[in-house]
Amino acid sequence: MAKEFAKVAVLVSGGGTNLQALIDAEKSGIIKSGKISLVISNKSDAYALERAKNAGIETAVVLKSDCGTKEEFENRIMELIDGHDIDFIVLAGFMVILSERFTSKYPKKIINVHPSLIPSFCGEGFYGLRVHEAALSYGVKVTGATVHFVNEIPDGGEIIMQKAVEIREGDTPETLQKYVMENCEWIILPRALEKVCADIIK
Ligand code: GAR
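Not measured: the values here are computed from a predicted model.

> Now, about the packing of aromatic side chains: what can you tell me, with residues and values included?
For the structure shown, the criterion picks out 2 aromatic pairs. With centroids separated by 5.3 Å and ring planes inclined at 50°, the aromatic side chains of F102 and Y106 adopt a geometry described as tilted. You can call F102 buried: its relative accessible area is 0%. Y106 sits in the buried class, given a relative accessible area of 9%.

> A description of the state of the cysteines should follow, citing residues and the corresponding values.
All chains considered together, the criterion is met by 0 disulfides. With no disulfide of its own, C122 has C184 as its nearest cysteine by sulfur position, at a separation of 16 Å.

> Hey, could you go over the site of the ligand for me, with residue numbers and the actual values?
Contacts to the ligand come from 15 residues, most closely from G16, T17, N18, G128 and E185. T17 places a side-chain nitrogen or oxygen 2.6 Å from an oxygen atom of the ligand. One of the side-chain N or O atoms of E185 is found 2.6 Å from an oxygen atom in the ligand. In the complex, the protein chains occlude 92% of the 450 Å² of accessible area that the ligand would expose alone. Taken atom by atom, the bulk of the ligand overlaps the largest pocket.

> I'd love a proper account of the sheet that holds strand β7 (residues 159-166), names of residues and values included.
Strand order in the open sheet formed by 7 strands is β3-β2-β1-β4-β5-β6-β7, with mixed pairing between adjacent strands. Strands at the two margins of the open sheet, each flanked by one partner only, are β3 (58-61) and β7. Each neighbouring strand pair of the sheet contributes to a mean axis angle of 20°, computed without reference to strand direction. Bridge analysis of strand β1 (residues 6-12) against strand β2 (residues 34-41) gives 7 bridges, and the strand direction is parallel. Residue pairing across strands places V12 opposite S41, the latter belonging to β2. Of the strands in this sheet, β1, β2, β4 (88-91) and β5 (110-114) touch helix α1 (residues 17-28), which is tilted by about 160° from β2. Against the sheet, helix α6 (residues 173-201) makes contact with β1, β2, β4, β5, β6 (142-149) and β7, and its axis sits at roughly 160° relative to β7, the strand it touches most.

> Pulling in residues and values, what's your account of the side chain of H148?
Inspection of the secondary structure assignment puts H148 in strand β6. Accessibility expressed as a relative area gives 2% for H148, which makes it buried. At a separation of 3.4 Å, a polar atom in the side chain of H148 contacts the side chain of D155.

> Now, about α1: what can you tell me, with residues and values included?
Compared with the 16 Å implied by 1.5 Å per residue over 12 residues, the 16 Å span of α1 between its first and last C-alpha is a close match. Buried within α1 are the following residues: N18, L19, A21, L22, I23 and A25. Taken together, the buried residues of α1 touch β1, β2, α2 (47-54), β4, β5 and α6.

> Report on helix α5 (residues 129-138), specifying residues and quantitative values.
For α5, every residue scored as buried is listed here: V131, H132, A134 and A135. Buried residues of α5, seen end-on, are gathered within an arc of 160° and therefore sit on one face of the element. Considering only its buried residues, α5 is in contact with β5, β6 and α6. Immediately beyond the C-terminal end of α5, within one or two residues, lies G139, with a positive phi of roughly 90°.

Reading the values: rules and limits
- Per chain, residues are indexed from 1 in the order of the written sequence.
- Confidence filtering applies because this is a predicted model: local features only for residues at pLDDT of at least 70, side-chain atom pairs given and counted only at 80 or more, and all residues used for totals across whole chains, interfaces and linings.
- Where side-chain values are given, they derive from all heavy atoms of the structure, hydrogens and water being excluded.
- The rule is short: rings of Phe, Tyr and Trp, with Trp giving its six-membered ring, pair when the centres are within 6.5 Å, and they are stacked under 30 degrees, edge-to-face over 60, tilted in between.
- Burial classes follow relative accessibility: with a 1.4 Å probe on protein chains only, a residue under 20% of its type's maximum area counts as buried, one over 50% as exposed, and anything between as partly exposed.
- Two cysteine sulfur atoms make up a disulfide if the distance between them is within 2.5 Å.
- Only a single heavy atom is needed: when it lies within 4 Å of a molecule or strand, its residue is near that molecule or strand.
- Any pair of N or O atoms that falls within 3.5 Å is considered a polar contact. Within protein, one atom must be able to donate a hydrogen and the other to accept it, and sequence-neighbouring residues count only if both atoms are side-chain atoms.
- Note on areas: these come from Shrake-Rupley sampling with a 1.4 Å probe, and a residue is covered only by the protein chains present in the view.
- Put simply, the grid is 1 Å and covers the protein atoms alone, a cavity is a trapped set of points that fit a 1.4 Å probe, a pocket is an open set with protein on both sides within 12 Å along at least five of seven lines, and lining residues have an atom within 4 Å of a point.
- More than half of a molecule's atoms within 2 Å of the grid points is what it takes for that molecule to sit in a cavity or pocket.
- A pair of strands is treated as paired once DSSP finds two or more bridges between them.
- Per the convention used, a helix needs a DSSP run of H or I reaching at least four residues, while a strand needs a run of E reaching at least two, with both numbered from the N terminus.
- To obtain each axis, a line is fitted to C-alpha atoms, and for helices this fit is confined to the stretch in contact; angles are then taken between N-to-C directions over 0 to 180 degrees.
- It only takes one pair of heavy atoms within 4.5 Å for two residues to be counted as in contact.
- Expected helix span is taken as 1.5 Å per residue step, with the number of steps being one fewer than the number of residues.
- Directions drawn from the helix axis to the C-beta atoms are what define this arc.

Put into structure tokens, the structure is as follows:
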């Protein structure tokens, strides 16, 4: 029987503005085929947890320091995901590279938002502000964001959506990060999530 909506888990590490964009998009009806049902953070002080609580979404914290190994850390996340019957996983500012053991368990069931136009400024070591520092120091004139499926290659999975903006005279890594978030990430992440959820509940 076709499901009414896909149960979505969002993995976060920080401020959670992308999580907020997803919460808002669910409220406004942009996301109708998915329901954010669980937020998992690897940082206990992530503001994303407050955003989830304010929206009445269940939260969980899994700290690497409480787990002996990366394998155990990932096992705990997988137990939460499987225990909540999650259909789809979103990495929204989750600053951990997941192993192949993890990603191969959920093929085409994990997406990530990355703050550049992949294949530029991506892969291991490119995250958060560092991505924008790299774009500015290279001197590119256009940047943006990408939503892609997650596989065993960091930032290497199939691209679902991209959006570009022109870099402005005088942009700093901080101003560019905000500009890319507002004009690219917060727009394409909800749209991409709706698209993949609609596909899986068909
Ligand atoms: C976002 O810009 C996201 O694209 C980036 O971290 C920021 C998280 O912000 N993710 C990566 O760099 C992953 N490689 P948020 O916590 O406010 O959503």
